[in-house]
Amino acid sequence: MNGLTIHAYRDDLAQAFHDINAQWIGAMYRLEPTDRDVLDQPHERIIAPGGDILFVEAAGLGIVGACALQRTGADQYELTKMGVLDTARGRGVGAFLLDAVIARARVMGARRLYLLSNSKSAAAIHLYEKAGFRHDPGIMAEFGTRYERCNVAMLYPLESVVQ
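Residues numbered from 1 in each chain as written. Predicted model: local features only at pLDDT ≥ 70, side-chain atom pairs only at ≥ 80, totals over all residues. Heavy atoms only, no water.

1. Some points on the layout of surface pockets
In this approach a probe as big as a water molecule rolls over the atoms, and the regions it shows empty are the leftover space.
Argument step 1. By volume, the largest pocket is sized at about 740 Å³.
Argument step 2. What lines the largest pocket is a set of 35 residues, among which Met82, Gly83, Ala123, Ala124 and Tyr128 lie closest to the centre.
Argument step 3. Listed by contribution, the elements that provide at least two residues to the lining of the largest pocket are helix H1 (14-28), strand S4 (76-84), helix H4 (93-107), strand S5 (112-117) and helix H5 (122-131).
Argument step 4. With seven residues, S4 is the largest single contributor of residues to the lining of the largest pocket.
Argument step 5. Grouping the amino acids of the lining of the largest pocket by side-chain chemistry returns 20 nonpolar, eight polar and seven charged. (1 Å grid on protein atoms, 1.4 Å probe; cavity = no way out; pocket = protein on both sides within 12 Å on 5 of 7 lines; lining within 4 Å. Points joined across faces, edges and corners; volume = space filled by probe spheres on them. Helix = DSSP H or I, 4+ residues; strand = E, 2+ residues; numbered from the N terminus. Nonpolar A, V, L, I, M, F, W, Y, C, P; charged D, E, K, R; others polar.)

2. Focus on the state of the cysteines
Argument step 1. Here the structure, examined in full by the defined rule, presents zero disulfides.
Argument step 2. You can see Cys67 has no disulfide; the closest cysteine sulfur is in Cys150, sitting 15 Å from it.
Argument step 3. According to the relative accessible area criterion, Cys67 is buried, its value standing at 1%. (Disulfide = S-S within 2.5 Å. Buried < 20%, exposed > 50% of the residue type's maximum accessible area, 1.4 Å probe, protein only.)

3. Examining the side chain of Glu32
Argument step 1. Inspection of the secondary structure puts Glu32 in the loop between H1 and helix H2 (33-40).
Argument step 2. A relative accessible area of 5% places Glu32 in the buried class.
Argument step 3. Separated by 3.2 Å, the side chain of Glu32 and the backbone nitrogen of Arg149 make a polar contact.
Argument step 4. When sequence neighbours within four positions are dropped, the list of residues in contact with Glu32 reads Arg146, Tyr147, Glu148 and Arg149. (Polar contact = N/O pair within 3.5 Å; in protein donor to acceptor, adjacent residues only side chain to side chain. Contact = heavy atoms within 4.5 Å.)

4. Quick word on the pattern of salt bridges
Argument step 1. This model, assessed by the stated rule, comprises 10 salt bridges.
Argument step 2. Among the salt bridges present, the one from Arg10 reaches Asp12, with a minimum N-O distance of 2.9 Å.
Argument step 3. We classify Asp12 as exposed; its relative accessible area is 57%.
Argument step 4. The residue Arg146 makes a salt bridge to Glu78 at a minimum N-O spacing of 2.3 Å. Placement of Arg146 in the loop between helix H6 (137-143) and strand S7 (152-156) and of Glu78 in strand S4 is noted, with a sequence separation of 68 residues between them.
Argument step 5. Through salt bridges that share partners, Glu32, Asp35, Lys81 and Arg149 make up one connected network. (Salt bridge = Lys/Arg side-chain N within 4 Å of Asp/Glu carboxyl O.)

5. What to know about the sheet that holds S7
Argument step 1. Spatial strand order, S1-S2-S3-S4-S5-S7-S6: seven strands in an open sheet with mixed pairing. For this open sheet the edge positions go to strand S1 (4-8) and strand S6 (134-135), each flanked by a neighbour on one side alone.
Argument step 2. Bridge count for S5 against S7 is five bridges, and the pairing is antiparallel. When the bridges of S7 are listed, Ser117 appears paired with Val152.
Argument step 3. Packing against the sheet, H1 makes contact with strand S2 (52-58), strand S3 (62-73) and S4, and its axis sits at approximately 75 degrees to S4. (Pairing = 2+ DSSP bridges. Axes fitted to C-alpha atoms, helices over the stretch in contact; angles between N-to-C directions.)

Put into structure tokens, the structure is as follows:
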């Protein structure tokens, strides 16, 4: 689609995961200890415990986006660290990546898929809403304190579509 390709996590992409996310987080917020821990050790914090990280490559630009599925329970994942480089914005990369991550969560057997964000990230929240995520006070109460900047929590209705 539009010269975009999804790639699964490989250790040689760990730096891209770090750089893409450090760019957008640093531009809008400040990197919190939780961010640094995950970005500096993606294999240990995301992959080894049963999560996954997907990357988007744009023709002529290389790897321009990344998103993680962090396992937080037996069949529960947090969609986290989703970022797209400034140079690739406006090309549909975020929607393409989000669709791939939701599909991957289904394949991984997720029964609960949620995300934490901030109202300052209005474009991202709109993208999540358009994909089917709904604001959820229960997710906020359960996980919202993980980040200082978190004031939005959303849940994707996976259970209703899992066969």
